Each structure stands twice: as C-alpha cells, then as structure tokens.
Protein chains: 2
Amino acid sequence: MIHQQYFLGIDGGGTKCKARLESLNGELLGEGLSGPANPAQSADIALNSIIDAAAQAVAAANLPAETISTLHVCLGLAGVNIPAYRDLAEAWQLPFANTLLTTDLHVACAGAHGGQEGAIMITGTGSSAFACVNDVHTMMGGHGFPLGDKASGAWLGWRALSSTLEAMDGLSDTTPLTDAVCEQLHASSAEDIVAQALHYRSADYAALAPVVVGQARQNEALATAIIQEGAAYLTMVLQRLSDLKPQRLTMIGGLASYWSAHLPDHIQRKLSPALCSPEYGAVALARQAFKEA
Amino acid sequence: MIHQQYFLGIDGGGTKCKARLESLNGELLGEGLSGPANPAQSADIALNSIIDAAAQAVAAANLPAETISTLHVCLGLAGVNIPAYRDLAEAWQLPFANTLLTTDLHVACAGAHGGQEGAIMITGTGSSAFACVNDVHTMMGGHGFPLGDKASGAWLGWRALSSTLEAMDGLSDTTPLTDAVCEQLHASSAEDIVAQALHYRSADYAALAPVVVGQARQNEALATAIIQEGAAYLTMVLQRLSDLKPQRLTMIGGLASYWSAHLPDHIQRKLSPALCSPEYGAVALARQAFKEA
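Residues numbered from 1 in each chain as written. Chains lettered and ligands numbered in written order. Predicted model: local features only at pLDDT ≥ 70, side-chain atom pairs only at ≥ 80, totals over all residues. Heavy atoms only, no water.

- Looking up chain A in an unreviewed UniProt entry gives the name ATPase BadF/BadG/BcrA/BcrD type domain-containing protein, with the organism given as Alteromonas lipolytica.

Notes on the overall build of chain A
Alright, step 1. If you tally the helices and strands in chain A, you get 12 helices and nine strands.
Alright, step 2. Relative to the globule expectation of 19 Å for 293 residues, the C-alpha radius of gyration of chain A, 21 Å, shows essentially globular dimensions.
Alright, step 3. In terms of its C-alpha atoms, chain A occupies a principal-axis envelope of roughly 75 × 40 × 35 Å.
Alright, step 4. Of the accessible surface of chain A, which amounts to about 12500 Å², a share of 51% is contributed by carbon and sulfur atoms. (Helix = DSSP H or I, 4+ residues; strand = E, 2+ residues; numbered from the N terminus. Rg over C-alpha atoms; globule rule 2.2 N^0.38 Å. Areas by Shrake-Rupley, 256 points an atom, 1.4 Å probe, with all protein chains shown as cover.)

Side note on the packing of aromatic side chains
All names here are of chain A.
Alright, step 1. Taken as a whole and judged by the stated rule, the model has nine aromatic pairs over all chains.
Alright, step 2. For the ring pair Tyr 200 and Tyr 205, a centre distance of 5.2 Å and an interplane angle of 90° mean the geometry is edge-to-face. A single burial state applies to Tyr 200 and to Tyr 205, both of which are buried.
Alright, step 3. Between Tyr 258 and Trp 259, the ring centres sit 5.9 Å apart and the planes meet at 65°, which makes this aromatic pair edge-to-face. By the burial criterion, Tyr 258 is buried, and Trp 259 matches it. (Phe/Tyr/Trp six-rings, centres within 6.5 Å; stacked < 30°, edge-to-face > 60°. Buried < 20%, exposed > 50% of the residue type's maximum accessible area, 1.4 Å probe, protein only.)

Things to note about the interface of chain B and chain A
Much of the literature gives interface size as the accessible area that the parts lose upon coming together.
Alright, step 1. At the junction of the two partners, chain B supplies 33 residues and chain A supplies 33 residues.
Alright, step 2. Together, the buried faces of chain B and chain A total about 2900 Å²; carbon and sulfur atoms form 65% of this surface.
Alright, step 3. Taken together, the connections running from chain B to chain A amount to zero salt bridges.
Alright, step 4. Elements that contribute at least two residues to the side of chain B that touches chain A include exactly helix 2 (83–90), strand 8 (136–141), helix 4 (153–168), helix 6 (190–197) and helix 9 (221–243) of chain B.
Alright, step 5. Its residues assigned to classes, the side of chain B that touches chain A shows 22 nonpolar, six polar and five charged. (Contact = heavy atoms within 4.5 Å. Buried area = accessible area lost by both parts, 1.4 Å probe. Salt bridge = Lys/Arg side-chain N within 4 Å of Asp/Glu carboxyl O. Nonpolar A, V, L, I, M, F, W, Y, C, P; charged D, E, K, R; others polar.)

Points about the side chain of His 72 of chain B
Residue and element names in this part refer to chain B.
Alright, step 1. Within the fold, His 72 resides in strand 4 (residues 72–77).
Alright, step 2. Only 3.1 Å separates the side chain of His 72 from the side chain of Gln 5, close enough to count as a polar contact.
Alright, step 3. When sequence neighbours within four positions are dropped, the list of residues in contact with His 72 reads Gln 5, Tyr 6, Phe 7, Leu 8, Ala 97, Asn 98, Ala 286 and Phe 290. (Polar contact = N/O pair within 3.5 Å; in protein donor to acceptor, adjacent residues only side chain to side chain.)

What about the packing of helix 5 (residues 176–184) of chain A against helix 8 (residues 209–217) of chain A?
Residues and elements named next belong to chain A.
Alright, step 1. Relative orientation of the contacting elements helix 5 and helix 8 amounts to 145°, with a least axis distance of 10 Å. Of the two elements, helix 5 crosses helix 8, and the hand of that crossing is right-handed. In contact with Pro 176, Leu 177, Ala 180, Val 181 and Gln 184 of helix 5, helix 8 contributes Val 211, Val 212 and Gln 215.
Alright, step 2. Here the residues of the contact of helix 5 with helix 8 sort into six nonpolar, two polar and no charged. (Axes fitted to C-alpha atoms, helices over the stretch in contact; angles between N-to-C directions. Left-handed = near helix turned anticlockwise from the far one by under 90°.)

Quick word on the environment of Gln 228 of chain B
Alright, step 1. For Gln 228 of chain B, the location among the structural elements is in helix 9.
Alright, step 2. According to the relative accessible area criterion, Gln 228 of chain B is exposed, its value standing at 53%.

Some remarks on the side chain of Thr 178 of chain A
Residue and element names in this part refer to chain A.
Alright, step 1. Within the secondary structure, Thr 178 is located in helix 5.
Alright, step 2. Separated by 2.8 Å, the side chain of Thr 178 and the backbone nitrogen of Thr 175 make a polar contact.
Alright, step 3. Excluding anything up to four places from it in sequence, Thr 178 contacts Ser 163, Thr 164, Ala 167 and Leu 222.

Some remarks on the domain arrangement of chain A
All names here are of chain A.
Alright, step 1. According to the domain assignment, chain A contains domain 1 (6–115 + 275–290) and domain 2 (153–268).
Alright, step 2. Summarising the inter-unit geometry, the C-alpha centres of domain 1 and domain 2 are found 32 Å apart.
Alright, step 3. Facing the four residues of domain 1 at the interface are four residues of domain 2.
Alright, step 4. Taken over both partners, the interface formed by domain 1 and domain 2 buries close to 320 Å², and the fraction arising from carbon and sulfur atoms is 66%.
Alright, step 5. It is Ala 112, His 113 and Leu 275 in domain 1 that bury the most area against domain 2; as a group they hold 85% of the surface buried on that side.
Alright, step 6. Here domain 1 is connected to domain 2 by zero salt bridges.
Alright, step 7. Inspection of the region where domain 1 meets domain 2 yields two residue pairs in polar contact (both at pLDDT 80 or more).
Alright, step 8. When the residues that make up the side of domain 1 that touches domain 2 are grouped by side-chain class, the tally is three nonpolar, one polar and no charged. (Domains from an automatic or database assignment.)

Looking at the UniProt feature "domain: ATPase BadF/BadG/BcrA/BcrD type" (unreviewed entry) in chain A
Alright, step 1. Listed under "domain: ATPase BadF/BadG/BcrA/BcrD type" (unreviewed entry) in the UniProt record, and renumbered for this structure, are residues 8–257 of chain A.
Alright, step 2. Across residues 8–257 of chain A one finds 43% helix and 22% strand; the C-alpha atoms that close the span lie 29 Å apart. (UniProt positions renumbered as here; feature names shortened; annotations may be inferred.)

Some words on the sheet that holds strand 9 (residues 249–252) of chain B
Residues and elements named next belong to chain B.
Alright, step 1. Within the open sheet, the four strands sit side by side as 8-7-6-9. Their pairing is mixed. In this open sheet, the two strands that pair with only one neighbour each are strand 8 and strand 9. The average angle at which neighbouring strand axes cross in this sheet is 15°, direction not considered.
Alright, step 2. Judged from the six bridges that link them, strand 7 (residues 127–133) and strand 8 form a sheet pairing that is antiparallel. Bridge pairing in strand 8 places Ala 131 opposite Thr 138. (Pairing = 2+ DSSP bridges.)

What about the environment of Ile 51 of chain B?
All names here are of chain B.
Alright, step 1. Note on placement: Ile 51 falls in helix 1 (residues 43–60).
Alright, step 2. Residue classification places Ile 51 among the partly exposed positions, given a relative accessible area of 29%.
Alright, step 3. Not counting residues up to four positions away in its chain, the partners in contact with Ile 51 are Ile 68 and Pro 95.

Topic: the sheet that holds strand 8 (residues 136–141) of chain A
Residue and element names in this part refer to chain A.
Alright, step 1. Ordered by their spatial adjacency, four strands build an open sheet running 8-7-6-9, and the pairing between neighbours is mixed. Edge positions in the sheet fall to strand 8 and strand 9 (249–252), since each of these pairs with one other strand and no more. The average angle at which neighbouring strand axes cross in this sheet is 15°, direction not considered.
Alright, step 2. Of the strands in this sheet, strand 6 (118–123), strand 7 (127–133), strand 8 and strand 9 are in contact with helix 9 (residues 221–243), which crosses strand 6 at around 165°.

The following block contains the structure:
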C-alpha cells in the first residue's frame, strides 16, 4: 500500500465548525460540519466540535475512523488571537498526526486568496480585518460588539434600534427608518422594543440590518447617514490594509457586496474577488506546514 | 391597644433592595437591605429580596414578625415598566395588607421631591429620566446599555474603551485618554483589552468612567469631546422634562453633580437639589395610596 498523506482544514467560529479533507494532490475527499468552536466561549465544546467535524470528513471520505490519527491539520479558530485562549487550545490532546493552530481570520484570508498571502475585510454579523504580508499578521477590529464590529450587521441593527428608541422618547423625530424598525418588531412603544431587546445578542441586532439597507436603498436620510458612517469606517480600515501592500485585498462576509458598492472608487479599484472558502484556506496552510518534501 | 398603621417603602433594583418602615406619623421605625429585586432578571429572586428586606425592617423596628401582614406597602421595582414583567410582579402572593406596585423611577422621583410630583434625570451606572406631572408618568431613556443609557457611567467607559481599541488598531492616534485606559487595565495590546472586556457588563464599563472624567478635568481633547456629547444629550432630555412643567426638576445618581456642572446655565438654573431617598419616596406613595381617612 502506497503511503498516503491527508490534509484537513478546520474553520471554527462561534456558531459552527467546518472541516475539509483533501488528498496529497488536492482532491476533495470529504467535508464535516459541527457546532461552536470558539475556545473563548467554551474550550470543551470547541474541542468536541473540532473532533466531530474531522471525524465526519473522514467518514464522508469512506476512510477508516483511525485515519484521523494520520491527518495533517490546520485549525483556524475564533478567539485564539487572545493569548489565554490560544494557551487553552495549545494544551489540547488532539488525535491528529500534526496540528497547526491559527486564527479563523488567517484561514479565511488564505482561502480568499487561494492559499496565498493577502488581506481581507470581513463584514457579516461582526466585522474584522486581517492581513498576512511576508508572514507578518496584522489584525484590526474584530473586538466584538458593542466594543467594536463597526459596519457589521450587528452595528447596523443596533444603530437603527438605538435611533428608534430616541425617537420614541421624543428626543428626535420619527423617520421612515424608525417606523420600519417598529413595524419589523411589531412594536408601538419603547417598552415593546426594550422587552424584546433585553437579552439581544449580536445576531439579533444583525437581523435588523436588512431594514437599514432597505431604507438606505430608498434614500431615507437616517439610514443613509448610518450607511455613510459605516462606509467611512471601512474606507479607513481598507486604506490601512492597502498601506501594508498585500498581494490582494478582498472583502468577504454576508455584507461584503453591499458595502463594496458604497466605497469610494479608489478603494473599489483595489478590491479583488474572493477565490475559495476559509476551510480551503486551512487545508492550504496545513499543506504548507506539513507537506513532506 | 391603639390601632396602629405602618407604611413600608421598597426601592428594588438590579443589585439591591432597600426597605424603609415608618409609623403613621412619619417616624422611621426600621430599615432593611437585601439582594437583587428586578423581576426582568429573576422574578423569584426579586420576590425573595422584597420579603427579606421587609422582614428586616420589621425586625429592626422591634415589631413581631407577623406585623408584616398589616403593612401598607409601595414596591418601586426596576423592570416593571415592561408589561410582561409587571404582569409577573402583579401575580405575586405578597404577605402585606396592601401593595401598590410601581417603578423604581417613580419612587426615586417621589423621594427626590419629598413625596411630591416632579421630574428626575438619573445618571449613575445607567441613565434614565422620569416625570410625574398631574399624575401622568413620562419615561425617557433607561433602555439599558448598549441600546440606551447615554451619558451613563457605562456609556462613558464604553466610549473610552472603544476609542482605545480604534487607536490600538492604528485607525486613530493614541491620546492621553487611550493611554490612561491602557494603564488602568494594565493592557499593552488590543488583545489584552478584548481578553478582559469579553464578558463586560454595564458596571465593568462604568468602572472606567472616572478615567474619562479625570482626563476631561485636564482638558484632554478626546475625553472633553465625549463629555460634551454626553452633556448635549442630557441637555436635550432635561429640556424635554422641563417642557412637561414639573414642579421641580432634579438630577440624581452617582454622576449627577459632575454632569450638572457641565450643563448650560439655562438648564442649571432649572435644577433643584434632591430632598430624600427613593425608599422615602416609596413610603410617601404608600401613604398617599393607603392612609385611612
């Protein structure tokens, strides 16, 4: 039997963990999808999710379960940019042959650039920026809502909701945006809104982002002002990423195409489309780290 | 034995519950202090805290424990402005003779004005405004951080921390304020800050408010801008309260004296000092509701 090498890429975030298994020559053999994998939230759950997703990918490839012990793995995990959680993850007893631990941002960046270096701006429920240039990593934003994550879906929804409450307090005029927020939440008073929003998390705020985007499309003044503020922030971050002279600069995430259309031309011209997925990027990094000469 | 009437006032918030027991002629007989009493957080804990504080006040007055069943009570509780939590509290089986249920804002307002009507602006860890004019209640703000609570201690600390992270991302210059925040948190990178702030609650943000106030005292530009934004918001809210023509208008809470010195003269001239405590206000409301003719 010919000695076979397998490469596994893991993209682990706060809600789900994706695994991609490739052969030595780059063939996709199997994939896996499991639960949360952010050690800053729960290290035990993250470890279980990673092993679960890896085992799924091995099974999907019709390989024996014990193949897991031969895998060359790159784990890209949310939270491990924070030293305490990186230490936690590094202490795990993992069932793989080799493991490279890095951030979810790094594997997303490698994926967006087909396994090569570059820079990315992510805007989805949260927002963050990352560059890998000459092996030097730079991270901006990604500090979590409400401290950071400006121009994210959560930020858009929060700005809309906060403005709606000020209008209902009589501190500013109601506008088509604040009316649309009330309609979306079936709310007719500040108390109705607060009762719903009392335990809101990022994803709940982000569910209101389409209301802001929809109103901005109709040139509503308040929604337009919020979008302009978000675009100004993104312009600043993308300019700073560009100053690092990455090979490529890409916007990814659920709001990427929306925001990119609202950026100044000189920034839009710098942007390239995303090439592959974060889990593809993780496989590429595993290959770079562990491929036998 | 002469028929005796007792009045109990309860001021119940998110962290503590205070009780004040008075005789018919206004003599302070006893006080009590217990834990959280916000039904929006936990209705069971709130109910226990209320009964505990009331029993303490009865014991402190050297009255028999069964006196509790003769009390005329006003409960001023956080959270009961939201109908669902008001319904929860109204369904309680309480051991008192009579109970008036109202908000913590209402009893604080009654206290600040010696048992009479008026309006208040509270700035402490959170911020909120309340007016009682001709028996009509108006509430502004108090929506909780990060949706509302502008100009609160939590808001001051959050603004400082958020600005510090942007400076550490290289998106703005560091300033004496961002340096002071890093020093306070013993932080030298964005990761150091995020690691600490990951599970911050309002009170944790509010712990940074003195850093902003201290820097503003030294005319630091960023801290001064934050204070000016907060003062502009408070001016707007206080003007709206004043438009309701309350008998008196008072600022209370840990930041009240700081903020009042930063308001325009025409607003400062409208302000009167607080007269009594929220639990005093609750007793006054109990007396108005239940005093036998």
